[in-house]
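Each chain, written out:
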Amino acid sequence: MTLWSKNVSSLPVSAVLPELLSALRTSSQVLLAAPTGAGKSTWLPLQILQQADFSGRILLLEPRRLAARNVAQRLAELLGQQPGDTVGYRMRSESRVGPTTRIEVVTEGILTRMLQQDPMLDGVSLVILDEFHERSLQADLALALLLDVQQGLRDDLKILLMSATLDNQRLQQLLPDAPMIASEGRSFPVDRRYTSLATHLRFDDAVAKQVSQLLREESGSLLLFLPGVGEIQRIQTQLASLIGNDVDLCPLYGALPLSEQRKAILPAPAGRRKVVLATNIAETSLTIEGIRLVVDSALERTGQFDPRSGLTRLQTQRVSQASMTQRAGRAGRLEPGICLHLTAKEQAERAATHAEAEILHSDLASLWLDLLQWGCHDVSQLQWLDTPPENNLIQARKLLQQLGATDKTGMLTAKGRSMANLGSDPRNSALLVDAGRDADRAATAALLVAILEEPARGSADLRDSFHRRQSNWLKRATQLQRRLQVTGGTADSDLIVPLLAGAFPDRIARRRGSEGRYQLANGMGAMLDNDAALTRYEWLIAPALLQGSSQPDARMLQAMPFDIDSLTSECPQLLDRRTEVEWDEERGTLRTWQRQQIGELVISSQPLAKPDEAELHLAMLRWIRSKGLSVLNWTPQAEQLRIRLVCARQWLAEEAWPAATEADLLASLEHWLLPAMGSVRDGRGLKQLDIVGALLQLLTWSQRQQLDTVLPTHYTVPTGSRLPIRYDEEKPPALAVRLQEMFGEAQNPAVAGGRVPLVLELLSPAQRPLQITRDLAGFWQGAYREVQKEMKGRYPKHAWPDNPATALPTRRTKKFSAPS
């Protein structure tokens, strides 16, 4: 018996090991639900290696670097080895894998790169996706790519999805043939308690009070879950004055140095206790030694990508029930424990069952670049638990084209392929590729990317970080230079701004007003703290931005000042020469300007007396887009034609009618308005444009004839009067007509081939409303009797027959006898 096969019965997952091994022999995909502490991450992979008789390696995917390193360390210790022997790991900036490695613990981005470099995954028998309930973007992408590999290249490749809380229904819909295996958890009970925080206290004060009280009442070390680093640091300060000297306070979050993270994970020294203040990094995979008590704030901080701004907004929200279960499980690893959820039990029970998948609210530029490299140009070609949202994909395509990664058709360029091979964020990859073969530029770009990947907390001035050159940045920069295959060189601060401008042109910023406010080249606002030293500079480039939940402007996390003349001289491709028009209030007409701009930021501007006609017309279109369609000559006839087109598209969907909502027409001005502009040179000419004629250009000749037939502008009533039909985008079409002129009409008139009845506004001889109906036959047989009684007395010289459906229509006052 080997060291790591002892005490098997003490691990709950051992009870389902035979069933799991059998499933792996017969099925391509297997689902395993095993609670926290069951041994699925730190024991099971070794058993599969020993007993499943796989000829190839096992890849174990972990969602975080800290978890990957610790899982690999634990597995190696069970073998009496060091990482790099039978068990190794790979992650960004670090790799411990040797020729005898059979189990590789990898982070999610690493697995995607391995798949891109070798879609066959040659030499790999099994891929385990651990903690899949987190539904990270990279895990969803990895599953989609692995299923594609299974389907087209490797029907012998096995996939095992593991978590404490799997969304079984969704997974079984995607993987109907995958066996679902459930393991029981440890026998140690966890007393789950619930309490709402005191409303009269600040969040930090209320949490610190609950933690200190639980520490006084109970023994053992405590794990406190908080939404973010800010709360960790503030509550750590609070607790320092509330708890005894025998308690160590240990923060735990991803940006901490490894030594500090290890301090939080290892057991407290003899005779001492510890309080670990953690983000949701401690929710899964990590074994934090000695924890008996858990306090769960029931909050987490997530990024919500806004495709309109291209920025990610941090949002604090309630965690899911699955996360609360995971957090509570941390208290029962070694002995009976207590978990205090800082929320009412009723509120906890109303929380979402599982967290929303990251793919639904993330920046998808990296994902789309990966898909293009994979050869996938349509997300529907792959199998997804949640399909990537189209709005986010549109923004991703736009950014990749702006960076030069794709051409106008959306295909990868040579630069795009180089970017994809680097495996970094697309903007960082563009920065590295733009450095080229020049050693100094490559060294500068590599150091910049290392800093952007793991930014220092504190100063927003990028120059401070650049000159500090921490060891982790230098190590990562060396790795990136190896990928670029450019060695040597010296990082030069003079090269920073030109390199950043190529990857972040939309984040060039110009000061506006005071109080640290700036406008970005993409038109959005950004800000620095009012007392920040950087606010004295007019021009900044801010590669790291964060959209707050309460501020309209994004916060600059990192920025670099520069001289605009030097930048435009060195990077003239950033400048866009535009002809623009503006309304001159004094002259009452349009004036034309020629401007040099970086995005929305105007660098220089001068008036044009005789602009080129083509440029002038395009400038007019941009002006119309900014002001809206109301600046054009919308006669009643033009507006009715537009609405008829909208109705035709809605009611006669079998025909290819053009889109004609205001938003659609603004988007397609070049198609329908530009050809009608002819010799228009000013605002007066624009106001005189024939909009009816312009809109008709959207239609073929046969469509024009069909439109007049199925959605006519007028309706001929029984008297022969040709009356206008009034169309509306929101309401049914209407016809105002004197009641006597409808005598003899038995059925309600309709348009759209009889599909849409007209609303009849039946009028008195004095043109006042008598009745509104879409059922003329019903009116004749019903409510008409009351109208007849009242109108006979008021208008005795007009006809009020007893049988109006067969009476002769009239416009006159002389009575006509109705036929018997």
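Remember, it's a predicted structure, so these values are computed and weren't measured experimentally.

What counts, and where the lines are drawn
- Residues numbered from 1 in each chain as written.
- Predicted model: local features only at pLDDT ≥ 70, side-chain atom pairs only at ≥ 80, totals over all residues.
- Heavy atoms only, no water.
- Helix = DSSP H or I, 4+ residues; strand = E, 2+ residues; numbered from the N terminus.
- Buried < 20%, exposed > 50% of the residue type's maximum accessible area, 1.4 Å probe, protein only.
- Contact = heavy atoms within 4.5 Å.
- Areas by Shrake-Rupley, 256 points an atom, 1.4 Å probe, with all protein chains shown as cover.
- Domains from an automatic or database assignment.
- Polar contact = N/O pair within 3.5 Å; in protein donor to acceptor, adjacent residues only side chain to side chain.
- Axes fitted to C-alpha atoms, helices over the stretch in contact; angles between N-to-C directions.
- Left-handed = near helix turned anticlockwise from the far one by under 90°.
- Nonpolar A, V, L, I, M, F, W, Y, C, P; charged D, E, K, R; others polar.
- pLDDT = per-residue confidence, 0-100.
- Pairing = 2+ DSSP bridges.
- Core = buried A, V, L, I, M, F, W, Y, C linked by side-chain atoms within 4.5 Å.
- Salt bridge = Lys/Arg side-chain N within 4 Å of Asp/Glu carboxyl O.
- Phe/Tyr/Trp six-rings, centres within 6.5 Å; stacked < 30°, edge-to-face > 60°.
- Lys NZ or Arg CZ within 6 Å of the ring centre and 35° of its normal.

Trainee: What is the right way to look at the overall build of the protein chain in this model?
Mentor: Looking only at helices and strands, the protein chain has 29 helices and 31 strands in total. Across the 820 residues of the protein chain, 53% fall into the buried class. Long-range pairs, those at least 24 residues apart, make up 66% of the contacts in the protein chain between residues at least 6 apart in sequence. Summing over all exposed atoms, the protein chain offers an accessible surface of approximately 37,100 Å²; the carbon and sulfur share of this is 47%.

Trainee: It is not clear to me how the domain arrangement of the protein chain should be interpreted in this structure. Could you clarify?
Mentor: Many descriptions give the size of an interface as the accessible area lost when the pieces come together. We note that the domain assignment places domain 1 (12–182), domain 2 (190–360), domain 3 (636–710) and domain 4 (718–816) within the protein chain. One C-alpha centre belongs to domain 1, the other to domain 3; they are set 58 Å apart.

Trainee: Would you mind showing me how to read the side chain of Ser136 here?
Mentor: Here Ser136 lies in the loop between β6 (124–129) and α5 (137–152). Ser136 sits in the buried class, given a relative accessible area of 10%. A distance of 3.1 Å separates a polar side-chain atom of Ser136 from the backbone nitrogen of Ala139. Those residues within four positions of Ser136 in sequence are excluded, and the remaining contacts are Glu108 and Glu358.

Trainee: Would you mind going over the environment of Glu184 with me for this structure?
Mentor: One can find Glu184 in the loop between β8 (180–182) and β9 (190–194). Distance in space between the C-alpha atoms of Glu184 and Leu256 is 34 Å, their sequence separation being 72 residues. Among residues more than four places away in sequence, those in contact with Glu184 are Pro12, Pro35 and Ala38.

Trainee: Looking at this structure, how should I read the packing of helix α14 (residues 414–422) against helix α15 (residues 426–434)?
Mentor: Helices that pack against each other are described as a pair by the angle of their axes relative to one another and the distance between those axes. Two elements in contact, α14 and α15, have axes whose closest approach is 9 Å; the angle formed by their N-to-C orientations is 115 degrees. Viewed along their axes, α14 and α15 form a crossing whose handedness is right-handed. Between α14 and α15, the residues in contact are Lys415, Ser418, Met419 and Leu422 and Pro426, Ser429, Ala430, Leu432, Val433 and Asp434, respectively. Class assignment of the residues belonging to the contact of α14 with α15 gives a composition of six nonpolar, two polar and two charged.

Trainee: I tried to follow the confidence of the model for the protein chain on my own but got confused; where do I start?
Mentor: Should the pLDDT be low somewhere, the predicted coordinates at that spot are not to be read in detail. Predicted confidence across the protein chain gives a mean pLDDT of 88, with 95% of residues reaching 70 or more. Ignoring residues within four places in sequence, the model shows residues 1–9, a span with pLDDT below 50, making 15 contacts including any to other chains. In this model, residues 815–820 is a region of pLDDT below 50 whose contacts with residues beyond four sequence positions or in other chains number nine contacts.

Trainee: Even after reading the chapter, I still don't get the sheet that holds strand β12 (residues 273–278), so can you show me in this structure?
Mentor: Within a sheet, neighbouring strands are paired by backbone hydrogen bonds and run either parallel or antiparallel to one another. Pairing is parallel in the open sheet, where six strands are placed in the order β9-β16-β13-β10-β12-β11. Looking at strand neighbours, the two that pair on one side only are β9 and β11 (247–252), the edges of this open sheet. On average, each strand axis in the sheet is tilted by 15 degrees relative to the strand beside it, whichever way the strands run. Packed onto the sheet, helix α7 (residues 203–217) meets β9, β10 (221–225), β12, β13 (291–296) and β16 (337–341) and runs at close to 160 degrees relative to β10.

Trainee: Help me understand the sheet that holds strand β26 (residues 722–726), please; the structure alone is not making it clear to me.
Mentor: Taken in spatial order, the five strands line up as β25-β26-β27-β30-β31 in an open sheet, and their pairing is mixed. Each having just a single partner strand, β25 (714–716) and β31 (769–773) make up the two edges of the open sheet. With direction set aside, neighbouring strand axes in the sheet form an average angle of 30 degrees. Across three bridges, β25 lies against β26 in antiparallel orientation. The residue bridging Tyr715 from the neighbouring strand is Leu723, located in β26.

Trainee: Whenever I open this one, the nonpolar core confuses me. Can you help?
Mentor: Generally speaking, nonpolar side chains in soluble globular proteins are found buried as a group. In this structure, Leu371, Leu500 and Ile508 are the most contacted members of the largest nonpolar core, which totals 99 residues. Ranked by residue count, the leading element in this core is α5, at ten residues. What Ile508 contacts, discounting residues up to four positions off in sequence, is Ala501, Gln519, Leu520, Ala521, Trp539, Leu540, Ile541, Phe562, Leu567, Leu574, Ile598 and Leu601.

Trainee: Would you mind showing me how to read the pairing of β10 here?
Mentor: For a regular strand, the rule is simple: side chains alternate between the two faces of the sheet. The buried fraction of β10 is high, at five of five residues. In β10, alternate side chains face the same way, and those of Ser221, Leu223 and Phe225 on one face and Leu222 and Leu224 on the other are all buried. Alignment of β10 against β13, held across five bridges, turns out to be parallel. The partner of Leu223 across the bridge, within β13, is Val294. Taken together, the four bridges between β10 and β12 define a ladder with parallel strand orientation. Directly across from Leu224, in β12, lies its bridge partner Leu277.

Trainee: What is the right way to read the pattern of salt bridges from this model?
Mentor: A side chain with one charge may pair with a side chain of the opposite charge, provided their charged atoms come close. Tallying each qualifying case throughout the model produces 39 salt bridges. Here Glu104 ties to Arg90 by a salt bridge, and the two come within 2.9 Å at their closest N and O atoms. Here the residue Glu104 occupies a position in strand β5 (residues 103–107), and Arg90 occupies one in strand β3 (residues 87–91), the gap between them amounting to 14 residues. You can call Glu104 buried: its relative accessible area is 2%. Take Arg90: its relative accessible area is 28%, and that puts it in the partly exposed class. Taking the shortest distance from any N to any O, the salt bridge between Glu218 and Arg193 comes out at 4.0 Å. A residue pair is termed long-range when its members are at least 10 positions apart, and Glu218 in the loop between α7 and β10 and Arg193 in strand β9 qualify at 25 residues. Because the salt bridges share partners, they merge into one network encompassing Arg135, Asp140, Arg170 and Asp386.

Trainee: Would you explain the packing of aromatic side chains in this entry?
Mentor: The description of an aromatic ring pair rests on the distance of the ring centres and on the angle between the ring planes. The tally for this structure, following the rule as stated, stands at five aromatic pairs. On the numbers, 6.0 Å between centres and 55 degrees between planes, the contact of Phe743 with Trp780 is tilted. Remark: Trp780 occurs in helix α28 (residues 776–781) and Phe743 occurs in the loop between β27 (734–738) and β28 (750–751); sequence separation between them is 37 residues. Note on accessibility: Phe743 and Trp780 belong to one class, buried. An aromatic cluster of three or more residues is present, and its members are Phe743, Phe779, Trp780 and Tyr784. We note Arg397 situated over the ring of Trp368; from NZ or CZ to the ring centre the distance is 4.7 Å. Stacked on the ring of Phe466, the Lys or Arg Arg469 has its end atom at 4.9 Å from the ring centre.

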